[in-house]
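So the chains spell out like this:
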Amino acid sequence: MIVIDYSECNLIMENNNPYIFYRGVKVEGIDAIIPRVGASGTFYGTSVIRQFETMGVYSLTGSKALVSSRSKLESLQLLTQSGILMPKTILPSPHFSMHRVEETVGLPCVIKLLSGTHGIGVILVNDRITAESILESYIKMRQRFIVQEFISEASGSDIRALVVGGEVVAAMRRTAQQGEFRSNLHRGGSSVPIELSEDEKNTALTAVKTLGLEVAGVDMLQSKRGPLLLEVNASPGLEGIETTTKIDVAGKMIEVIERNKK
Ligand SMILES: Nc1ncnc2c1ncn2[C@@H]1O[C@H](COP(=O)(O)OP(=O)(O)O)[C@@H](O)[C@H]1O
Ligand SMILES: [Mg+2]
């Protein structure tokens, strides 16, 4: 196994001969790749994955699936027809009326920057005036966002399920620190291993299958109406889930490659 930095890959397109030049060397003899692409590297990262795909190299995460799941908006749109539940969400028009937003998602509401990760850009807003000012500022700053119904009964906890090769291989409940509603470990949340209910398993598996991913971290909220899908992470961190559950998730990823790669 070798690690290559996608930001140093030159991608060459010519008839019948796509290839990659990496640090002065042509990349050859690769059986499969395991993409690890951070939110800020989506363009280069997915371009490099696509190049490997055109070269006939198996990718554990497909470039198309990675692009769709990268946007909280696009993935929720794709999942609306899959039968799984999600918090009611609106992408307000640039000429939005606060009345429409409030009527759709209610108050308090959660405003999310589409480009945010690790809980950054996720804001809980209690009143209409503040919500309206934030939305107006974002539009002025040309930032894209969605507004979501706040699921208060989740009480600062969410579920992270690691799906690998069509199975939930590990799951944990994350709980936000005192005074915070975002349960991300990066925001100081704590975590414990859990066993998922059938509903939760189905939600996670359906989401991942709909988006066409082999590996994903699925975030869900437990609500009165059942598990609600928050987001699907196509390049999930392994350290937190492996430390919490003591399960070798990376090993499961290798097994999927061995199964899929003839
Ligand atoms: N609609 C919501 N209702 C209640 N809590 C939420 C809601 N949306 C997000 N959260 C909390 O905020 C955290 C971060 O939100 P998320 O959409 O997963 O963004 P990020 O990509 O930054 O992790 C979630 O893990 C959850 O704890
Ligand atoms: Mg999240």
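What comes next concerns the included structure.

The rules behind the values
Residues numbered from 1 in each chain as written. Chains lettered and ligands numbered in written order. Predicted model: local features only at pLDDT ≥ 70, side-chain atom pairs only at ≥ 80, totals over all residues. Pairing = 2+ DSSP bridges. Helix = DSSP H or I, 4+ residues; strand = E, 2+ residues; numbered from the N terminus. Contact = placed C-beta atoms within 7 Å. Axes fitted to C-alpha atoms, helices over the stretch in contact; angles between N-to-C directions. Near = placed C-beta within 6 Å. Nonpolar A, V, L, I, M, F, W, Y, C, P; charged D, E, K, R; others polar. Domains from an automatic or database assignment. Buried ≥ 20, exposed ≤ 12 C-beta atoms within 10 Å, placed from the backbone.

**Brief notes about the sheet that holds strand 7 (residues 109-113)**
- Here we have 4 strands laid out as an open sheet, ordered 6-9-7-8, and antiparallel in their pairing. Two strands lie at the open edges of the sheet, namely strand 6 (89-90) and strand 8 (122-125), each paired on one side alone.
- The pairing of strand 7 with strand 9 (residues 145-149) spans 5 bridges and is antiparallel. Looking at strand 9, one finds that Val110 is bridged to Gln148.
- Relative to strand 9, helix 4 (residues 98-105) is tilted by about 45°, and along the sheet it contacts strand 6, strand 7 and strand 9.

**Side note on the site of ligand 1**
- For ligand 1, the set of nearby residues contains 22 residues, the closest of which are Gln148, Ile151, Asp158, Arg182 and Ser183.
- Where the shell around ligand 1 is concerned, the elements lending two or more residues are strand 7, strand 9, strand 13 (215-223) and strand 14 (226-233).
- Residue composition of the shell around ligand 1, grouped by class: 9 nonpolar, 7 polar and 6 charged.
- Of the residues that make up the shell around ligand 1, three or more belong to each of domain 2 (70-82 + 153-260) and domain 3 (89-150).

**Structural notes on unusual backbone geometry**
- Backbone torsion omega between Leu107 and Pro108 reads -5°, so that peptide bond is classified as cis.
- You can see Pro108 is positioned in the loop between helix 4 and strand 7.
- You will see that Arg23, though not glycine, has its phi angle at about 45°, which is positive.
- Here Arg23 shows up in the loop between strand 2 (19-22) and strand 3 (25-26).
- Among the residues examined, Arg23 registers 10 C-beta atoms within 10 Å and is labelled exposed.

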